[in-house]
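So you can see what is in the structure, the chains are spelled out below.
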Amino acid sequence: MKTILMSMLLVFSSMSIAAVEMDIKELDGKQTKLSDYLGKWVVINYWATWCPPCREEMPELQAFHDKHSEIDGVVIGLNTEVISEKQIEEFLSDYFVTYPNARVGPVSDTEFGVVPGLPTTFLVSPQGTVEARQVGGVSAKMIEKFIQKWEANNKK
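> Which residues make up a negative patch on the surface, and what are the values?
Among the surface-exposed residues, E21, D23, D36, D109 and E111 lie close enough to one another that they form a single negatively charged patch. Its location among the elements puts D109 in the loop between β6 (101-103) and β7 (120-124). Taking relative accessible area as the criterion, D109 reaches 60% and is therefore assigned exposed.

In structure tokens:
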């Protein structure tokens, strides 16, 4: 397990895409924009209920959100299925997921870049630029390591 986790730490693909904006209608009806989170890292996670790696990473995303949401980072889940919001809400409840989620339906090209498979996770910097993409599962530690490395390389 340690070997797998260590190899996962190196998987995030670094990138830098200019600041992006996105309107988000959360499942609870709350309307937000990506820019509402300026000053924090935003973990954008595209997922589906039928996706085993998506289900496996949800506790990790929840752990990251719980640890960082009041300070410096949030997770936003974007469901890519054509199912009801009620089905998504029930699924999230079963998995004890409390971070914000929205239903976006099937996607391949997004504001953040291409989503070639699920799960796909993008890391948006506190300045609003897309700095990384991971196709496949992520862990809280993997996200934190990327952020630490990025911040060390971008100190001014």
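That shown, we press on.
> Give me the lowdown on the pattern of salt bridges, citing residues and values where you can.
A complete count under the given rule lists three salt bridges for this structure. Residue E144 pairs with K67 through a salt bridge whose shortest N-O separation is 3.3 Å. Taken as a pair, E144 in helix α4 (residues 140-153) and K67 in helix α2 (residues 52-68) lie far apart in primary sequence, 77 residues in all. Judged by its relative accessible area of 52%, K67 falls in the exposed class. Measuring nitrogen to oxygen at the nearest pair gives 3.7 Å for the salt bridge that ties R103 to E85.

> Tell me what's going on with α4, and back it up with residues and numbers.
Counted at 1.5 Å a residue, the expected span for α4 with its 14 residues is 20 Å, and the 20 Å between its end C-alpha atoms agrees. Three or more residues of α4 are buried, namely A140, M142, I143, E144, F146, I147 and W150.

> Describe the nonpolar core, and please don't skip the residues or the numbers.
Looking at soluble globular proteins, one finds that nonpolar side chains tend to be buried together. Of all hydrophobic cores here, the largest spans 26 residues; its most connected members are L92 and I143. Residue assignment for this core shows that the elements contributing at least two residues are β4 (41-47), α2, α3 (85-94) and α4. Considering each element in turn, this core owes the most residues, six residues, to α4. Counting 17 residues, the second largest nonpolar core, distinct from the first, contains M22, L34, Y46 and V130.

> Before we move on, could you go through the pairing of β4 and cite the residues and values that matter?
Counting buried residues along β4, seven of its seven residues qualify, which places the element largely inside the surrounding structure. Going residue by residue along β4, you find W41, V43, N45 and W47 tucked away on one face and V42, I44 and Y46 tucked away on the opposite face as well. Sheet analysis places β4 next to strand β5 (residues 73-79), joined by seven bridges and oriented parallel. The residue bridging Y46 from the neighbouring strand is L78, located in β5. The β-α-β motif built from β4, the intervening α2 and the parallel element β5 has right-handed crossover chirality.

> Account for the pairing of β7, naming residues and giving values.
Within a regular beta strand, the side chains point alternately toward one face of the sheet and then the other, so they alternate between its two faces. A large share of β7 lies buried, amounting to five of its five residues. Residues of β7 alternate between two faces, with T120, F122 and V124 on one and T121 and L123 on the opposite face, all of them buried. Bridge count for β4 against β7 is five bridges, and the pairing is antiparallel. Residue pairing across strands places Y46 opposite T120, the latter belonging to β7. Between the end of β7 and the start of strand β8 (residues 130-135), which pair antiparallel, lie five residues, with G128 showing a positive phi angle near 95°.

Definitions and cut-offs
Residues numbered from 1 in each chain as written. Predicted model: local features only at pLDDT ≥ 70, side-chain atom pairs only at ≥ 80, totals over all residues. Heavy atoms only, no water. Patch = residues over 30% accessible without salt bridge, like charges linked within 9 Å, V, L, I, M, F, W, Y side chains within 5 Å. Areas by Shrake-Rupley, 256 points an atom, 1.4 Å probe, with all protein chains shown as cover. Salt bridge = Lys/Arg side-chain N within 4 Å of Asp/Glu carboxyl O. Lys, Arg positive; Asp, Glu negative; His and termini not counted. Charge placed at Lys NZ, Arg CZ, Asp CG, Glu CD. Helix = DSSP H or I, 4+ residues; strand = E, 2+ residues; numbered from the N terminus. Buried < 20%, exposed > 50% of the residue type's maximum accessible area, 1.4 Å probe, protein only. Expected span 1.5 Å × (residues − 1). Core = buried A, V, L, I, M, F, W, Y, C linked by side-chain atoms within 4.5 Å. Pairing = 2+ DSSP bridges. Right-handed = clockwise from strand over helix to strand, strands pointing away.

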